[in-house]
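A closer look at the structure
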Amino acid sequence: MISKIILEECIQQVSKLLDKHDNIVIVCHVSPDGDAIGSSLGLYHFLEEIGKRVTVIVPDSLPKNLLFLKGVKDILTYTRYPEYAQELIEQAELIFCLDFNALSRLGDLEEPIRKASAKKVMIDHHLCPEPFCDVIISHPQVSSTCELVFRLICRMGMFEYLPLKSANAIYVGMMTDTGNFTYNSNKPEMYFIVGELIKKGINKDDLYTKVCNTNSLNKLRLNGFAIHEKLTVFEPHHTAMITLTKDELKRFHYQKGDSEGLVNVPLSIPGVVFSAFFREEDDFIKVSLRSKGDFPANKVAEEWFNGGGHLNAAGGEFYGTMDEIITRFVKLLPQYDAYLKTETN
Ligand code: 5GP
Ligand code: MN
């Protein structure tokens, strides 16, 4: 038996909502990752299995490495079909909000979801959930939303209705939000859950290959270029930075997802505890931050880059040029030196 992390009251509330409502929408955060898509599809297939009418609506497109998952073809991308998506959201009786803690994480979907009259259930693991849902299942100590979806389904006594396609999607989110079980992954129960998913028939090695170990030549060359030419280490601050401009991305025929994981690479250098990756987009620079130990990546994201996230994985946006963000970054680093003391490896 796994321990009861989700409050009994929340389990009862979700069970009641599911007894009452058949017309369901699932949404997740902008630039959806493995956990956002995994939890959405994991819940989607389960809800279909128990006879619900469900649509997954994502704010924008999915990374390529997740397109193999069953149910991806049924996902509605808001930027492509805004009117149809709005109609479904207006008609929905119940909306599940997965893997985000604030409406602002929905991009253009923010307003339609804010206005929706449906009951809303949040299932998430980010700090400080905003109170926009009727039921809030928020557990930052749990390493993925997928794990919470699994726990919820089990606690509602419906494990037997969890189909293999759900199990696959749930495993993908557990795997990607822990870097294939290399961080936030030291709780024995996670492996109990993985065991249960294997019993459902997942092939974890095959899922790893499909999600984490499949690269295009362009992606490999882009990553090689970034590490060779665009990586700077600020030794006194135990920090690394990688930048990629629009022109550089174009040169390597960048496709969404091609720089996924790049920000983690410099953390493999002994002594580096903070890593930043700045990627230029059309209107802003996307900021990805990763850290080790007590260094608060989320604090830097909140204080300087209109963002947030977890202690060791955070992100945000910067409205300005690449030169400006680099200047800002170099200037802000000394202010966080106090966090370096405990972490000199
Ligand atoms: P990534 O670097 O993979 O885009 O994001 C890592 C984590 O940082 C995400 O799981 C999310 O929690 C957080 N994050 C990324 N971008 C943003 C952002 O623009 N705003 C906020 N609040 N959090 C972000
Ligand atoms: Mn997540």
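Note that this is a predicted model, so its numbers are computed, not measured.

Below, the discussion takes up the coordination of the manganese ion (ligand 2). Within the protein, the atoms that donate to the manganese ion (ligand 2) are D35 (OD), D99 (OD), H125 (NE2) and D177 (OD), at distances of 2.2 to 2.4 Å. The motif formed by the donor residues of the manganese ion (ligand 2), counted along the single chain, is D-x63-D-x25-H-x51-D. Here D35 is found in helix α2 (residues 34–49), whereas its partner D177 is found in the loop between α6 (164–176) and α7 (188–200), with 142 residues between them in sequence. Residue D35 is classed as buried on the basis of its relative accessible area of 0%.

Between α6 and helix α8 (residues 204–212), the least distance of the axes is 10 Å, while the angle of their chain directions is 60°. In this structure, α6 crosses over α8, and the sense of that crossing is right-handed. Contact residues: N168, Y171, V172, M175 and T176 in α6; K204, L207, Y208, V211 and C212 in α8. Of the residues contributing to the contact of α6 with α8, the split by class is seven nonpolar, two polar and one charged.

Attention shifts here to the site of ligand 1. If you check the shell around ligand 1, you find 13 residues, and the closest are H126, K286, S288, R290 and A314. K286 places a side-chain nitrogen or oxygen 2.8 Å from a nitrogen atom of ligand 1. A distance of 3.2 Å is found between an oxygen atom of ligand 1 and a backbone nitrogen or oxygen belonging to G315. Protein chains bury 80% of the 490 Å² of accessible surface belonging to ligand 1 in isolation. The leading source of residues in the shell around ligand 1 is strand β12 (residues 313–318), at four residues. Considered class by class, the residues forming the shell around ligand 1 number two nonpolar, eight polar and three charged.

Moving on: unusual backbone geometry. Here the phi dihedral of D99 falls at roughly 70°; this positive angle occurs in a residue that is not glycine. In this structure, D99 sits in the loop between β4 (94–98) and α4 (110–115). In this structure, C128 takes a positive phi of about 55° despite not being glycine. Assignment of secondary structure puts C128 in the loop between β5 (119–124) and β6 (135–138).

This part takes up the side chain of E147. With respect to the helices, strands and loops of the structure, E147 is situated in helix α5 (residues 145–155). A relative accessible area of 4% means that E147 is categorised as buried. Ignoring sequence-local partners within four residues, the contact set of E147 consists of V142, M174, M190 and I193.

In this section: the pairing of β4. By the criterion of burial, β4 is predominantly enclosed, with five of the five residues buried. Burial of the side chains of β4 extends over both faces: L94, F96 and L98 are buried on one face and I95 and C97 on the other. For strand β1 (residues 23–28) and β4, the ladder comprises five bridges, and the chain directions are parallel. Pairing of I26 across the sheet is with F96, part of β4. Examined bridge by bridge, β4 and β5 share five bridges and lie parallel to one another. Looking at the pairing, L94 lines up with K119 of β5.

In this section: the environment of L231. Of note, L231 is situated in strand β7 (residues 231–234). C-alpha separation for the pair L231 and I242, spaced 11 residues apart in sequence, amounts to 4.6 Å. In contact with L231, not counting residues within four places along its chain, are A226, A240, M241, I242 and P266.

Strand order in this open sheet of six strands is β3-β2-β1-β4-β5-β6, and the pairing throughout is parallel. With one partner strand each, in any of the chains shown, β3 (76–77) and β6 form the two edges of the open sheet. Pairing of β1 with strand β2 (residues 53–58) involves five bridges; the strand directions are parallel. Paired with V27 across the bridge in β2 is I57.

Rules used throughout
- Residues numbered from 1 in each chain as written.
- Chains lettered and ligands numbered in written order.
- Predicted model: local features only at pLDDT ≥ 70, side-chain atom pairs only at ≥ 80, totals over all residues.
- Heavy atoms only, no water.
- Donors = N, O, S within 2.8 Å, 3.2 Å for Na, K, Ca; no water.
- Helix = DSSP H or I, 4+ residues; strand = E, 2+ residues; numbered from the N terminus.
- Buried < 20%, exposed > 50% of the residue type's maximum accessible area, 1.4 Å probe, protein only.
- Axes fitted to C-alpha atoms, helices over the stretch in contact; angles between N-to-C directions.
- Left-handed = near helix turned anticlockwise from the far one by under 90°.
- Contact = heavy atoms within 4.5 Å.
- Nonpolar A, V, L, I, M, F, W, Y, C, P; charged D, E, K, R; others polar.
- Near = heavy atom within 4 Å.
- Polar contact = N/O pair within 3.5 Å; in protein donor to acceptor, adjacent residues only side chain to side chain.
- Areas by Shrake-Rupley, 256 points an atom, 1.4 Å probe, with all protein chains shown as cover.
- Pairing = 2+ DSSP bridges.

Interpretation in functional terms is not warranted from these geometric data alone.
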